[in-house]
Structures are given as structure tokens and as C-alpha cells.
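Chains, contacts and geometry: an overview
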Amino acid sequence: MFDYLLFLLLLIPCLAFSAWASARVSSTYSKYDRVQTRSCMTGYDTATRLMRNRGVTDIAVNRVEGKLTDHYHPARKQVNLSMSTYGSASVAAVAVAAHEVGHVMQSRTGYVPYKIRNVLVPIANIGSRLALPIVIVGLLLDIFWETAPYGEWAVYVGIAFYGLSTLFMLVTLPVEFNASRRAKKMLVEEGILTQEEVPAAGKVLSAAALTYVASLLISLLYFLRFALIFVSLVRRD
């Protein structure tokens, strides 16, 4: 019971931090979406120019629904920019577009954390959806079917899945920070942003990075909770 109460006490501030990070991303983007770039280049212009000048000609730049739904889809060879980014010539829009191109360049240069994250994607997707249900089913089996080890096995499998999902989030942090560093460098090299405009772009990218930090903290906390369940089962045996 004490472990569970401690878990809740730690979870509440983590959830609060996550909510604050999400709100900060939205407010920071909205603030700098009202600041037009001196180059007058849109998010689409930025993405196409950065890739073309680096010899990337096989990646399409598409527009997708939503706000801040920007992402790079390596399997489909697409940089997908949200409605708020695609046609906007704001500092926020070009920063986000350049960040996605940063992922393209990570793929092209063989950036190791990016390669590791791609390997973990399918496992992380499965783990994030099924880990908790598998652990719950395992605990129920352990309670009602004490003579068989199937419950314990299910718990161990669920914890392993969640551990891989947490590892994915951990690897995601350097990938996102590196893409942002690449983005700021490319924007200056191409003259899309001036040195005076880069700090504003950095604030947009840093705010977005906070959401990944928040997700990692929550994931680590849940993994710790699962690890304590694992320890309790081992000690019982």
C-alpha cells in the first residue's frame, strides 16, 4: 500500500508537468507564429529548400490536417507538415519544418540513436498498448490460479514490453534534441533565419522537447511501479 501511495504522489506532479509542457508548446508556437521571418519563406519552402540543397530529392513534402501534427514518415518518404506549418512564413513554422528535415538528415547520415529508435518503433507500439493489460491479466491469473506459473510469466512479459517502450522514449530524447540542433544550423546556413531570429526558433523547439521529457518521466515512473511488482513476485518465490 505504501508503494502505491508513493507512486501516486510521484505521478501527480509528473502529470501536471506533462499538462504544462503541452500548454507551453501551444502557447509558444502561437506566439512565434505571429512573428514573420525576414526571408518570407513558408514551412513548405523551408523543407523543400533544405532537402534540395543537401541532395535529398526523393522525399515528398505534404500537408496534413491539424495543428502541430508535423512528422517525418521514413517508410513512405514523406515530410508531413501540419496546416499551421505548411503555408505559414512565421518563425515557428520554419523552425518546425526544419526540425522534420533534421530527422531526414539523421536518416541519411546514419545517426545511431535515430537508427535504434526506428528498430524499437514496432516493439514500443505494441508495448505501450499491451503491457498494462498483460500485467493486469497476469496478476489476476496469479491470484486465482496460484498453482500454475502462467500469471507470473504474463507479468514478466508485460514488464518487458513496457521496459522496451520506456527505452524507446529514452532514445527519443537525443534524437529530438539533435534534430533541433540540426534545424537551427541549417536555417542559418541557408539564410532562412537570421542570427537574431534563431533564439525565437530555439524557444519553439525547446518547448516541443519538453513534451518528450514529460512522457519519459511518466514512462519511467510506471516502469518503476512494474519493477516493484516484479521484485515482490520474485521475493515471494
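About the cut-offs
- Residues numbered from 1 in each chain as written.
- Predicted model: local features only at pLDDT ≥ 70, side-chain atom pairs only at ≥ 80, totals over all residues.
- Heavy atoms only, no water.
- Helix = DSSP H or I, 4+ residues; strand = E, 2+ residues; numbered from the N terminus.
- Buried < 20%, exposed > 50% of the residue type's maximum accessible area, 1.4 Å probe, protein only.
- Contact = heavy atoms within 4.5 Å.
- Areas by Shrake-Rupley, 256 points an atom, 1.4 Å probe, with all protein chains shown as cover.
- Phe/Tyr/Trp six-rings, centres within 6.5 Å; stacked < 30°, edge-to-face > 60°.
- Lys NZ or Arg CZ within 6 Å of the ring centre and 35° of its normal.
- Pairing = 2+ DSSP bridges.
- Axes fitted to C-alpha atoms, helices over the stretch in contact; angles between N-to-C directions.
- Patch = residues over 30% accessible without salt bridge, like charges linked within 9 Å, V, L, I, M, F, W, Y side chains within 5 Å.
- Salt bridge = Lys/Arg side-chain N within 4 Å of Asp/Glu carboxyl O.
- Lys, Arg positive; Asp, Glu negative; His and termini not counted.
- Charge placed at Lys NZ, Arg CZ, Asp CG, Glu CD.
- Expected span 1.5 Å × (residues − 1).
- Parallel < 35°, antiparallel > 145°, perpendicular 65-115°, else oblique.
- Left-handed = near helix turned anticlockwise from the far one by under 90°.

Of the regular secondary structure elements, the chain holds seven helices and three strands. Oriented by its inertia axes, the alpha-carbon framework of the chain measures out at about 70 × 35 × 30 Å. For the chain, the residues scored as buried account for 42% of the 237 residues in total. Long-range contacts, defined as pairs at least 24 residues apart, comprise 76% of the intrachain contacts of the chain with a sequence gap of at least 6. Element-wise, carbon and sulfur atoms account for 64% of the exposed surface of the chain, whose accessible area totals about 12500 Å².

Using the criterion set out here, one finds three aromatic pairs in the structure. Aromatic pair Tyr 162 and Tyr 222: ring centres 6.4 Å apart, planes at 55 degrees, arrangement tilted. Placement of Tyr 162 in helix 6 (residues 150–189) and of Tyr 222 in helix 7 (residues 198–236) is noted, with a sequence separation of 60 residues between them. Here the guanidinium or amino end of Arg 182 rests over the ring plane of Tyr 111, the centre of that ring lying 5.5 Å away.

Here the focus is the sheet that holds strand 2 (residues 71–73). Strand order in the open sheet formed by three strands is 1-3-2, with mixed pairing between adjacent strands. The open sheet has two edge strands with one neighbour each: strand 1 (60–64) and strand 2. On average, adjacent strands in this sheet sit at an angle of 30 degrees to one another, irrespective of strand direction. Note that strand 1 and strand 3 (residues 78–82) share five bridges and pair parallel. Residue Val 61 lies in a different strand from strand 3, and its bridge partner there is Val 79. Those strands touched by helix 4 (residues 91–109) are strand 2 and strand 3, and its axis lies near 30 degrees from that of strand 2.

Bringing a positive patch on the surface into the picture now. On the surface, Arg 24, Lys 31, Arg 34 and Lys 203 cluster together into a positively charged patch. Looking at the secondary structure, you find Lys 203 in helix 7. Its relative accessible area of 49% is what places Lys 203 among the partly exposed residues.

Moving on: helix 4. Helical geometry note: an α-helix holds 3.6 residues per turn, so side chains three or four residues apart project in the same direction. In a regular helix each residue adds 1.5 Å, so 19 residues correspond to 27 Å; helix 4 covers 26 Å between its end C-alpha atoms and thus fits that length. For helix 4, the tally of buried residues reaches 16 of 19 residues, placing the bulk of the element in the interior. At the exit of helix 4 stands Gly 110, carrying a positive phi of roughly 70 degrees.

This brings us to the packing of helix 2 (residues 43–52) against helix 4. In contact at an axis separation of 8 Å, helix 2 and helix 4 are set at 30 degrees when each is read in the N-to-C sense. Comparing their axes, helix 4 and helix 2 come out roughly parallel. Regarding helix 2 and helix 4, the two cross each other, and that crossing is right-handed. Contacts between helix 2 and helix 4 involve Gly 43, Thr 46, Ala 47, Leu 50 and Met 51 on the former and, on the latter, Ala 93, Val 94, Ala 97, Ala 98, Val 101 and Val 104.

The subject of this paragraph is the pairing of strand 3. Every regular strand shows the same layout, with side chains that alternate between the two sheet faces. Within strand 3, four of the five residues are buried, which leaves it mostly tucked inside the rest of the structure. Where strand 2 lies against strand 3, three bridges are found, and the strand directions are antiparallel. Across the sheet, residue Tyr 72 finds its bridge partner in strand 3, namely Val 79. In this structure, the hairpin formed by strand 2 and strand 3 is closed by a connection of four residues, where Lys 77 is found at a positive phi of approximately 55 degrees.

Together, Ile 123, Leu 164, Leu 167 and Leu 170 make up an exposed nonpolar region whose accessible area comes to about 290 Å². Here the nonpolar patch takes three residues from helix 6, the largest share from any one element. Locating Leu 164 in the fold gives a position in helix 6.

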